[in-house]
Structure formats: structure tokens, C-alpha cells
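Fold and geometry: a report
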Amino acid sequence: MTTTILEVKQLGKSFGSHTALKNINFSVKQGEIISVLGPSGCGKSTLLQLIAGLQQPDEGEICLRGATVASASRMVAPEKRGINMVFQDYALWPHMTIYDNMAYGLRRQKVPAAAIKEQLAALVALLHLEGLEDRLPPQLSGGQQQRVAIARALATKPDLLLLDEPLSNLDMRLRIEMRSEMAYLFRQLGTTVFHVTHDPDEAFAMADRLMIMRSGAIDQIDRPQICYERPATLSAAMLLGAGNRLKSTLVSEGEHATVRIAGHDMVGTTLGGSSEVQHAEAVDLLFRPDSALYRSDPSAEGNQLTVHVLHSVFEGKRWRVLAKTGDGQSISFLNDEYLEAGQEGSLHISVADVFVYPRQSA
């Protein structure tokens, strides 16, 4: 039976009149990687700080390996929780060598020098830091410094590793390389990870499960593929790339709802609570730009939407096309070829790629 490392129960936190977190409940199994995804201000950083012991909850409790470490009346010190954190700014000691930075936690635990040398040798090899041990952090690249920070955090073999936007300071190429390397490393070592990010690609690359947050609450927690294919809320869908949001009118309800937009009937997957959709005449229809196939001639079958091309932008492999629907709503889609402004055609989108939610004001 898999051990539960972290359990969060009915957690709440406020700062004055602002509610940062409300009724947060989840657990993390040993060896599992949870990625927390959400916009700025959603509460993900506050949640990380509460787990780390940098803030105290107002309600609920946090348990590590079954023992309560934080509640409104109890607060175990951060250094006694068996947790390590990797910060987005690395937080390395600039006056210490790379070896001394990595050995810092082990020395505080009074681990013998021979054992430290053996443990760090394995981490240096795993993280490709050979030959850098005698350098100072400013002499390393951003990617190398991040590897050192990870090695330092893993050296003491924590029960739980917290990652706070760990790749945000790296350029795009390094971010792509590091997220794959980190995911491989943590799974190889069986490390339990709680990872906070604003980048969906980073979350998908690393997570066993995604936790999507909004306004201090959890919108959805599930496997990445489930979250992507069936986002539980309109906000989750937009966060995961469904940037085309069109005001529509409900024609018929059910698991697959038919909606009318600009004179076209389109069928989509009902989400956000089917009962809510069934009682909502006004709904929002969402789809991703890469889910739509453009054709110059309409077809008699399937979902299709007439669009008028406004502008095309080359993005390397494909063109991003800005367009508008017959009733003037703005959309974008990807196309293999350049489309002239003023050109008219139709977008074809599969039922599985069309999401229907009750109309929201935001």
C-alpha cells in the first residue's frame, strides 16, 4: 500500500479581509509529483508557504506522514518537517563553493564527511555537475545553478520536495531541457514533489496529477490528460489553452449540448456541471486554436463555423490567424498556409474539442 506523504484537510488562510485559501483538501502519495497550476493571485504560493511552514493556517490542518505539522493551534518549525524547497532564484550561498552549497544540509545534520562525499558524488553525476564542485555560484550558468539547488535539496533525502516556480528564471531552451531532466530525475529517485508553476507546459511535462487553482480554491485535480481533455471549469479550460471563447445560445442539452452561434448549430461536450448548462439559455463555447481545421469551402458534415480572416502571423511552423465570426466575435486558429485578410472560409472542430459551459461574466 502506497504511503501518504502529505495530507491537507479543509485548509483556509486569510490576510485581513482577503481570503487567500478556502477549504483546500488533497493528499500526495509517496513518489508522486503534483503540479499546481493557476494564474497570479490564485493562492498557489500561499499554499506552498503553508506546507513549508513559512505561514500558519487559520483553518484546517496539514499532515506529513500522518502527523499534524500545522493548524490554527499548532506549528512545527520548517526545519523539523522533513521538507526541502527549491526557490525560483536558486537561493545559493554566493560565497560558498558548489560542493559546500550542496553539503550544507548534510553538515547541519552532522553527517560524517566520508558519507557526505559519497552521497554528493552520486548527485553530481545524476545532475551533470562534474568539474564544477570548486566553483562559486556566480561562475555558473542559470541552468547549472538550478541543478545545484536541486542537488542541495535532494542531498538530505527529504520526505517532500517543494518547487517554487523553479524554471521561471531560465530562457526557453533551458526551461524545456530542465523540465524533462527534472521529471526523469525525480521519478528515478522516487522523490515526492509538490511543484508550483504558472506554465502549463512545465506542469504537463512533470506532473502525475495536476491541481488547477482559482481564487483560493481548487477547480480540478486529476491526471494531466483528463484535465486537458475534460477541463472541469471554464477557467481551467482557458488556462489549458482553450483561448477561443464565444457567446452562444443553448439549443439542446445533455452530455453533448447543441449551441447556436452566428447562425450555426455546433455540438460540444457539456462541462462545468451538466445540470448548470441545462438551465442556462446563454452558454460559453470554448475551443483551442490548434483544434480547428480551416477549409475554404464549407462541408455538409460536422461542426463548422464561418469565419472572416483579419490577419495572419507566422510563428515558425504554422500561421496564427486572427479572424471574426459572422456575429463579430474574435477568434484565432492555426493554419499551415498564409491566409489573406478578407478571405472567408469555415472552421471544422470535432465535438470532443468543443467545450460548453454556463455563461460567466468574467
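Residues numbered from 1 in each chain as written. Predicted model: local features only at pLDDT ≥ 70, side-chain atom pairs only at ≥ 80, totals over all residues. Heavy atoms only, no water.

Looking at an unreviewed UniProt entry, one finds the protein chain named ABC transporter ATP-binding protein, with Paenibacillus glycanilyticus as its source organism.

A word on helix H5 (residues 172–189)
Since one α-helical turn is 3.6 residues long, residues separated by three or four positions face the same way. Rule in force here: Working definition: helices are DSSP H or I runs of at least four residues, strands are E runs of at least two. Numbering for both runs from the N terminus. Expected span, for any helix, means 1.5 Å times one less than how many residues it has. Remark: exposure states derive from per-residue accessible area (1.4 Å probe, protein chains only) relative to the maximum for the residue type, with buried under 20%, exposed over 50%, and partly exposed in between. The directions from the helix axis to the C-beta atoms are what the arc is built from. Contacts are assigned to residue pairs that have any heavy atoms within 4.5 Å of one another. N or O atoms closer than or at 3.5 Å make up a polar contact, with two conditions inside protein: a donor-capable atom paired with an acceptor-capable one, and, for residues adjacent in sequence, both atoms drawn from side chains.
Helix length check: H5 (18 residues) gives 26 Å between terminal C-alpha atoms against 26 Å at 1.5 Å per residue, within 8%. Where H5 is concerned, the buried positions are Leu174, Met178, Arg179, Met182, Ala183, Leu185 and Phe186. Buried positions in H5, seen along its axis, are confined to an arc of 170° and lie on one side of it. Those residues of H5 that are exposed and angled more than 90 degrees off the buried face are Arg173 and Tyr184. The inward-facing, buried residues of H5 abut strand E3 (33–37), helix H3 (113–126), helix H4 (142–155), strand E7 (160–164), strand E8 (193–197) and helix H6 (200–206). Capping the start of H5 is the job of one residue whose side-chain oxygen sits 3.3 Å from the backbone nitrogen of Arg173: Asp171. Once H5 finishes, Gly190 follows within two positions and takes phi at roughly 70°, a positive value.

Overview of the environment of Leu92
Mapped onto the elements, Leu92 comes out in the loop between strand E6 (83–86) and helix H2 (98–108). As a C-alpha pair, Leu92 and Pro137 span 45 residues in sequence and 6.9 Å in three-dimensional space. Among all residues touching Leu92, those that are not within four sequence positions of it are Asn101, Pro137, Gln145, Val148, Ala149 and Arg152.

Some points on the pairing of strand E4 (residues 59–64)
Filter applied, for reference: Should DSSP find at least two bridges between two strands, the strands are regarded as paired.
Two strands pair when backbone bridges link them, and strand E1 (residues 4–15) and E4 are joined in this way by five bridges, in the antiparallel orientation. Its bridge partner lying in E4, Glu7 is registered against Cys63. Of the strand pairs in this sheet, E4 and strand E5 (residues 67–71) are connected by four bridges, and their pairing is antiparallel. Paired with Leu64 across the two strands is Ala67, which belongs to E5. Where E4 hands over to E5, the hairpin turn is made up of two residues, of which Arg65 adopts a positive phi near 50°.

Digging into the UniProt feature "domain: ABC transporter" (unreviewed entry) in the protein chain
Just so we agree on the cut-off: UniProt positions are given in the numbering used here, feature names are shortened, and annotations may be inferred rather than shown by experiment.
Residues annotated by UniProt as "domain: ABC transporter" (unreviewed entry) correspond here to residues 6–240. Spanning residues 6–240, this segment combines 36% helix with 27% strand, and its end C-alpha atoms are found 26 Å apart.

Points about H2
Those residues of H2 that sit buried are Ile98, Asn101, Met102, Ala103 and Leu106. Next to the buried residues of H2 lie H3 and H4. One or two residues past the end of H2 sits Lys110, with phi positive at roughly 60°.

Considerations on the environment of Asp134
Secondary-structure assignment places Asp134 in the loop between H3 and H4. Each C-alpha atom, one on Asp134 and one on Met96, is 9.0 Å from the other, the two residues being 38 residues apart in sequence.

So, the state of the cysteines
Structurally, a disulfide amounts to a covalent bond that connects the sulfur atoms of two cysteines. This is how the line gets drawn: Throughout, disulfides are identified as pairs of cysteine sulfur atoms within 2.5 Å of each other.
Throughout the structure, instances matching the rule amount to zero disulfides. The thiol sulfur of Cys227 is not disulfide-bonded, and the nearest other cysteine sulfur, from Cys42, lies at 14 Å.

Describing the packing of H2 against H3
For clarity, the cut-off: Only the stretch in contact is used when fitting a helix axis, every axis being a line fitted to C-alpha atoms; angles between N-to-C directions are given from 0 to 180 degrees. Comment on the angle field: the value is read as roughly parallel under 35 degrees, roughly antiparallel over 145, roughly perpendicular from 65 to 115, and oblique elsewhere. Crossings are assigned a handedness: left-handed for a near helix turned anticlockwise from the far helix by less than a right angle, right-handed for a clockwise turn.
For the pair H2 and H3, the least separation of the axes is 10 Å and the interaxial angle reads 130°. Considering their axes alone, H2 and H3 lie oblique with respect to each other. Here H2 and H3 pass one another in a crossing that is right-handed. Taking contact as the criterion, the partners of Tyr99, Met102, Ala103, Leu106 and Arg107 in H2 are, on H3, Ile116, Lys117, Gln119, Leu120 and Val124.

A closer look at unusual backbone geometry
For Lys157, which is not glycine, the phi dihedral falls at a positive 55°. Here Lys157 is to be found in the loop between H4 and E7. Of note, Glu165 is a non-glycine position whose phi angle comes to about 45°, a positive value. With respect to the element layout, Glu165 can be found in the loop between E7 and H5.

Observations concerning the sheet that holds strand E9 (residues 209–214)
One open sheet accounts for six strands, arranged E6-E7-E8-E3-E9-E10; its pairing is mixed. The open sheet has two edge strands with one neighbour each: E6 and strand E10 (217–222). Each adjacent strand pair in this sheet contributes to an overall mean axis angle of 20°, direction not counted. Against the sheet, H4 engages E6 and E7, with an angle of about 175° to E6.

Topic: the environment of Leu54
Inspection of the secondary structure assignment puts Leu54 in the loop between helix H1 (44–52) and E4. The class for Leu54 is exposed, based on a relative accessible area of 51%. Considering only alpha carbons, one finds Leu54 and Gln10, 44 residues apart in sequence, at a separation of 18 Å.

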